[in-house]
Amino acid sequence: MFWRGAVAAAHTHFTQGIALYTPQQRRASAFLNGVEAGVICHSYAAWTLWSLGSPDQGLMRSQEAVRLAQEMAHPYSLSFALRGATMFHQLRREVRATLEHAEVIISLTTEQGFPHWMAQGAILRGWALAHQGQAKEGIEQMHQGLVAHRATGAEIVRPYFLALLAEVRSLIGQPEAGLTLLTEALTLADKTGERWYEPELYRLQGALLLQQSSDNPTDAETCFHHAIAIAQNQSAKSWELRAATSLARLWQQQGKRQEAYELLAPIYGWFTEGFDTADLQEARALLDALA
């Protein structure tokens, strides 16, 4: 459900799983599923909470997933939980925490021989390095991670990873390369039905079109509107906020300050937590400038 964009329904199921979970199930669950059930439910509940607009509650779930995995000393479950926590910090745009968790994943999965999680850790580490100013090393590591990830036969979350690389390409002024990556990501999402990251794919596409040329505002605006519509359909408030901020910033540059404020203020006002996150801080700063 979550992968296909049914975020609210997925969250309901993960919450039910957490409520039914008992510590006595741990060993049997890990044996049957490969990953312990409590770790799975807490990890995915963290992502759904972030998407639904509860980034602080999501952080608690993510931390609990790691704690459960550490407590039972099950390396594969721990790798799963750490991967989930790393992605969660990336969603919150917390570069340092993403880097720290990614390095722990790489160390653990290299030692244990888990190539799938090791590849994902490398991609996330590369994203963090690029955002710390080490773009060349970061991009190289992301490319290596994407190749290793595909070598495992995995297609799930590949659109997300391609989008991260597109974002990094934009950091170093390569919008054309970023747009090519997003085209691949959107094509793959259509093929597999993986929709959870789709709002951000379109938002990034709009941002890269603006970076590519000042002649692209209409196409960029279309992308931002599409991102907002998909996010609203998914009840994904965090994606809606991010896309609305991008559109409001474009309208600000076009002199449409009142329209920008009226777009962004209601979605920002909906939030009751996460005010220390980058997305909410940027939205607040933009609203102050528009006011």
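Residues numbered from 1 in each chain as written. Predicted model: local features only at pLDDT ≥ 70, side-chain atom pairs only at ≥ 80, totals over all residues. Heavy atoms only, no water.

A. The pattern of salt bridges, seen in detail. In the structure shown here, the tally under the stated rule is 19 salt bridges. Across the pair glutamate 184 and arginine 158 runs a salt bridge, and its minimum N-O distance is 3.3 Å. On the criterion of sequence distance, the pair formed by glutamate 184 in helix α10 (residues 175-192) and arginine 158 in helix α9 (residues 158-171) is long-range, its members being 26 residues apart. Overlapping salt bridges, with partners in common, bring together Arg93, Glu200, Arg203, Arg242, Arg249, Asp279 and Glu282 in one network. (Salt bridge = Lys/Arg side-chain N within 4 Å of Asp/Glu carboxyl O. Helix = DSSP H or I, 4+ residues; strand = E, 2+ residues; numbered from the N terminus.)

B. Molecular detail of unusual backbone geometry. A positive phi is found at alanine 73, a non-glycine position, where the angle reads about 50 degrees. By the secondary structure assignment, alanine 73 is in the loop between α4 (55-72) and α5 (75-91). A positive phi angle, close to 65 degrees, is found at valine 157, a residue other than glycine. Checked against the element boundaries, valine 157 lands in the loop between α8 (135-151) and α9. Residue valine 157 is classed as buried on the basis of its relative accessible area of 1%. (Buried < 20%, exposed > 50% of the residue type's maximum accessible area, 1.4 Å probe, protein only.)

C. Structural context of helix α11 (residues 198-212). The end-to-end C-alpha separation of α11 is 21 Å, in line with the 21 Å expected for 15 residues at 1.5 Å each. Most of α11 sits inside the fold, with eleven of its 15 residues counted as buried. Buried within α11 we find Glu198, Pro199, Glu200, Leu201, Tyr202, Arg203, Leu204, Gln205, Gly206, Leu208 and Leu209. Looking at the buried side of α11, the elements it contacts are α9, α10, α12 (217-234) and α13 (237-253). (Expected span 1.5 Å × (residues − 1). Contact = heavy atoms within 4.5 Å.)

D. Up close: the packing of aromatic side chains. Scanning the model with the defined rule gives 15 aromatic pairs in all. Ring centres 6.1 Å apart and planes at 10 degrees place the aromatic pair tryptophan 47 and tryptophan 196 in the stacked group. Pair noted here: tryptophan 47 is in helix α3 (residues 37-52) and tryptophan 196 is in the loop between α10 and α11, with a separation of 149 residues, a long-range link. Each member of the pair, tryptophan 47 as well as tryptophan 196, carries the same accessibility label: buried. Where tyrosine 76 meets tryptophan 117, the ring centres are 5.8 Å apart and the plane angle is 55 degrees; that geometry is what we call tilted. Highlighted residues: tyrosine 76 in helix α5 and tryptophan 117 in helix α7 (residues 115-131), separated in sequence by 41 residues. A relative accessible area of 28% places tyrosine 76 in the partly exposed class. (Phe/Tyr/Trp six-rings, centres within 6.5 Å; stacked < 30°, edge-to-face > 60°.)

E. Quick peek at the nonpolar core. Of all hydrophobic cores here, the largest spans 91 residues; its most connected members are Tyr160, Tyr197 and Leu264. Not counting the four nearest positions on each side in its chain, tyrosine 160 is found in contact with Met87, Gln90, Leu91, Leu124, Trp196 and Tyr197. (Core = buried A, V, L, I, M, F, W, Y, C linked by side-chain atoms within 4.5 Å.)

F. Broad picture of the packing of α9 against α11. Orientation of α9 relative to α11, taken along the N-to-C sense of each, is 20 degrees, at an axis distance of 11 Å. One finds that α9 runs roughly parallel with respect to α11. Considering only the axes of α9 and α11, their crossing is left-handed. Contacts from Pro159, Ala163, Ala166, Glu167 and Ser170 of α9 reach α11 at Leu201, Leu204, Leu208 and Gln211. Its residues placed into classes, the contact of α9 with α11 shows six nonpolar, two polar and one charged. (Axes fitted to C-alpha atoms, helices over the stretch in contact; angles between N-to-C directions. Parallel < 35°, antiparallel > 145°, perpendicular 65-115°, else oblique. Left-handed = near helix turned anticlockwise from the far one by under 90°. Nonpolar A, V, L, I, M, F, W, Y, C, P; charged D, E, K, R; others polar.)

G. Region of the structure containing helix α14 (residues 257-270). The terminal C-alpha atoms of α14 lie 20 Å apart, and with 14 residues this matches the ideal 20 Å at 1.5 Å per residue to within 8%. On its buried face, α14 sits against α13 and α15 (278-290).

H. The packing of α3 against α13, seen in detail. Axis separation between α3 and α13 bottoms out at 4 Å; the angle between their running directions is 45 degrees. For the element pair α3 / α13, the angle class is oblique. On α13, the residues touching Trp50, Ser51 and Leu52 of α3 are Lys237, Ser238, Trp239 and Arg242. Of the residues assigned to the contact of α3 with α13, the class counts are three nonpolar, two polar and two charged.

I. Broad picture of the environment of alanine 289. Looking at where alanine 289 falls in the secondary structure, it is placed in helix α15. Judged by relative accessible area, which is 39%, alanine 289 ranks as partly exposed. Sequence separation of alanine 289 and tyrosine 261 is 28 residues, and the distance between their C-alpha atoms is 9.4 Å. Leave out the neighbours within four places in its chain, and alanine 289 touches Gln252 and Arg257.

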